[in-house]
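# Fold and geometry: a report
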Amino acid sequence: LVLLLVCLLRPRLLVSAAVPQRNYVGVLIDDSRSMRVADGGVERGDVVRRLFAADAPLMRELAERFQLRFFRFSSATQRIERVADVSFSGDETRIAAALEDARQDLSSVPLSGLVVVTDGADNARTPITDELAGLRARGVPVFTVGVGSDRFTRDIEVRRVEASRSVLRGTALVLDVLVAQRGFGGERIPIVVEDAGRIVSSQTVTL
């Protein structure tokens, strides 16, 4: 009787699987100038061009299963036909905005995932966690391909600049600047403050 009851209920097992050439994958390429940095004598952009060339093994395997759509992103996101169209000349890296733009562009097709190819030098003010949470809720996985060294042997970074929100005209303005460095100990560098392209102050400091 139990077996008959189970058969009458018609139990089914639903399995989610990507149908070859029916599902889409978005590939987002970091188009910022930091991708021109050479690690070990090879620019990061050249590594990306080699990995995602039309005849590369990775591209052939992805193309066998998915319809591929390519995007380049820096301060804005743009649809491209092939990775060779990337110039690596952008001034910013906005990963969260790129994910949202690519998702909206592919909202009308079955999207299996997004692949982000970047050196990770995100300098946008928007936190990426909110966008990732939204993609996770929609069941869209994000895969990352890191390019370049994760640690520089020599690097200088202006990590923080703090100043008063307002001052009286003609009075002195004090800035608190935090400079982080690696590999430049003992060297002297200039710190220059500009206002609309005009140098208003400069100071040489020893790291």
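This report concerns the structure included in the present document. (Residues numbered from 1 in each chain as written. Predicted model: local features only at pLDDT ≥ 70, side-chain atom pairs only at ≥ 80, totals over all residues. Heavy atoms only, no water.)

### Section: the pattern of salt bridges
Per the stated rule, a full pass over the model turns up 12 salt bridges. For Arg44, the salt bridge identified is with Asp119, shortest N-O distance 2.8 Å. Of this pair, Arg44 sits in helix α2 (residues 44-51) while Asp119 sits in the loop between β6 (111-118) and α5 (128-137), placing them 75 residues apart in sequence. Residue classification places Arg44 among the buried positions, given a relative accessible area of 5%. The closest approach of N and O atoms between Glu162 and Arg160, which form a salt bridge, is 3.2 Å. If you follow the salt bridges from partner to partner, you end up with Asp39, Arg44 and Asp119 in one network. (Salt bridge = Lys/Arg side-chain N within 4 Å of Asp/Glu carboxyl O. Helix = DSSP H or I, 4+ residues; strand = E, 2+ residues; numbered from the N terminus. Buried < 20%, exposed > 50% of the residue type's maximum accessible area, 1.4 Å probe, protein only.)

### Details of the packing of aromatic side chains
According to the stated counting rule, one finds zero aromatic pairs in the structure shown. Over the face of the ring belonging to Phe184 we find Arg154, whose NZ or CZ atom lies 3.9 Å from the ring centre. (Phe/Tyr/Trp six-rings, centres within 6.5 Å; stacked < 30°, edge-to-face > 60°. Lys NZ or Arg CZ within 6 Å of the ring centre and 35° of its normal.)

### Re the nonpolar core
In this structure, Val27, Ile29, Val48, Phe52, Leu68, Phe70 and Val117 are the most contacted members of the largest nonpolar core, which totals 19 residues. Among the secondary structure elements, those contributing two or more residues to this core are β1 (23-30), α3 (57-65), β4 (66-73) and β6. Apart from residues lying up to four places away in sequence, Val48 is in contact with Ile29, Met35, Val83, Phe88, Val117 and Val147. Core analysis: the second largest hydrophobic core is formed by 13 residues, Phe71, Phe73, Ala102 and Leu111 among them. (Core = buried A, V, L, I, M, F, W, Y, C linked by side-chain atoms within 4.5 Å. Contact = heavy atoms within 4.5 Å.)

### Some details on the environment of Val86
Its location among the elements puts Val86 in the loop between β5 (77-80) and α4 (95-105). When the C-alpha positions of Val86 and Arg49 are compared, they lie 8.8 Å apart, and in sequence the two are 37 residues distant. For Val86, the residues in contact, after removing those within four places along its chain, are Ile29, Asp30, Asp31, Arg49, Arg72 and Ile80.

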